[in-house]
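The lines below spell out each chain.
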Amino acid sequence: GESVGLHLPTLSVQEGDNSIINCAYSNSASDYFIWYKQESGKGPQFIIDIRSNMDKRQGQRVTVLLNKTVKHLSLQIAATQPGDSAVYFCAENRAVAQGGSEKLVFGKGTKLTVNP
Amino acid sequence: NAGVTQTPKFQVLKTGQSMTLQCAQDMNHEYMSWYRQDPGMGLRLIHYSVGAGITDQGEVPNGYNVSRSTTEDFPLRLLSAAPSQTSVYFCASSGQYNSPLHFGNGTRLTVT
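To start, this report covers the structure provided alongside it.

### With respect to the pattern of salt bridges
Evaluation of the coordinates by the stated rule reveals 5 salt bridges over all chains. As a salt-bridge pair, A:K42 and A:E39 come within 3.8 Å of each other at their nearest N and O atoms. Put simply, B:D38 and B:R44 hold a salt bridge, and the shortest N to O gap is 2.9 Å. A residue is classified by how much of its surface remains accessible, and B:R44, at 18% relative accessible area, is buried. In the salt-bridge network here, residues are joined through shared partners; they are B:R36, B:D38 and B:R44.

Right under this line is the structure:
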């Protein structure tokens with residue numbers, strides 16, 4: 001079946017470096033994508049989202065890039081800090097039009113480790 | 001706002017026991033969902049609701065029931081717990097179309 005997946009299960013970076021976490025999705029009908037951060041023992045926390053009519057969106061230290069041609073999503077974290085260590089999930093919205101985000105489909109996650 | 005509140009945080013059940021996982025949100029969100037999270041499997045959708053009185057099945061609904069009698073509450077019921085239901089359960093809610101899901105901090109359930 002269709003799925004949202006990540007290319008790498010783990011990523012290790014040095015503090016201060018930039019991090020890039022990748023995600024592949026397969027449903028071309030999905031029109032909304034979200035990145036979540038999950039720390040140990042907590043629920044997923046919203047980081048940034050992007051709609052399918054955009055190809056780039058920037059937040060504070062984070063940028064999401066969407067390439068609909070190859071169905072690829074990436075999260076870039078600038079000047080990675082130890083507090084960024086967590087598992088990162090991408091998610092796509094397959095809800096019908098006019099619905100909410102109640103049917104998000106998640107990738108399996110990438111564990112980011114930031115070394116001091 | 002408290003956001004999405006889940007209780008209990010931890011629960012141990014014996015096979016065959018029943019229980020209800022509670023979920024409440026104070027953001028007046030129409031859309032609510034239950035996910036389970038297992039190692040290496042990401043989050044999988046169990047049931048969801050698009051408003052009070054309306055529920056539907058997600059990817060892995062077997063063994064679980066839900067109801068949505070109010071906008072605020074969306075309890076998840078396990079009628080006869082099985083070891084395969086050992087997992088971390090997350091409740092989430094969202095507002096209008098294409099807005100992010102907000103998650104609770106989860107219930108860690110162990111079935112022995």
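And the narrative resumes.
### Here's the deal with the nonpolar core
Within the largest apolar cluster, 20 residues are counted, with the highest numbers of intra-cluster contacts made by A:W35, A:L73, A:L75, A:Y88 and A:L112. Breaking this core down by element, the ones donating at least two residues are β2 (10–14), β3 (19–25), β4 (32–38), β5 (45–51), β7 (62–67), β8 (72–77), β9 (86–93) and β11 (110–115) of chain A. Other than its neighbours up to four places away in sequence, A:L73 contacts A:I21, A:N22, A:C23, A:F33, A:W35, A:I50, A:V64, A:L65, A:L66 and A:C90. Listed in part, the 19 residues of the second largest apolar core include B:L21, B:V60, B:Y64 and B:L78.

### Side note on the sheet that holds strand β3 (residues 19–25) of chain B
Residues and elements named next belong to chain B. Spatially, 4 strands are ordered β1-β3-β8-β7 in an open sheet, and the strand pairing comes out antiparallel. Across the chains shown, the open sheet's two edge strands, defined by having one partner strand only, are β1 (4–7) and β7 (64–66). With direction set aside, neighbouring strand axes in the sheet form an average angle of 20°.

### Some words on the interface of chain A and chain B
With 27 residues of chain A at the contact, the number on the chain B side is 25 residues. Interface area, chain A with chain B, both sides summed: about 1900 Å², of which 54% is carbon and sulfur. Taken together, chain A and chain B are joined by 0 salt bridges. On the surface where chain A and chain B come into contact, there are 4 residue pairs in polar contact (both at pLDDT 80 or more). Among the elements that take part in the side of chain A that touches chain B, β4(A) stands out by supplying 4 residues, more than any other.

What counts as what
Residues numbered from 1 in each chain as written. Chains lettered and ligands numbered in written order. Predicted model: local features only at pLDDT ≥ 70, side-chain atom pairs only at ≥ 80, totals over all residues. Heavy atoms only, no water. Salt bridge = Lys/Arg side-chain N within 4 Å of Asp/Glu carboxyl O. Buried < 20%, exposed > 50% of the residue type's maximum accessible area, 1.4 Å probe, protein only. Core = buried A, V, L, I, M, F, W, Y, C linked by side-chain atoms within 4.5 Å. Helix = DSSP H or I, 4+ residues; strand = E, 2+ residues; numbered from the N terminus. Contact = heavy atoms within 4.5 Å. Pairing = 2+ DSSP bridges. Axes fitted to C-alpha atoms, helices over the stretch in contact; angles between N-to-C directions. Buried area = accessible area lost by both parts, 1.4 Å probe. Polar contact = N/O pair within 3.5 Å; in protein donor to acceptor, adjacent residues only side chain to side chain.

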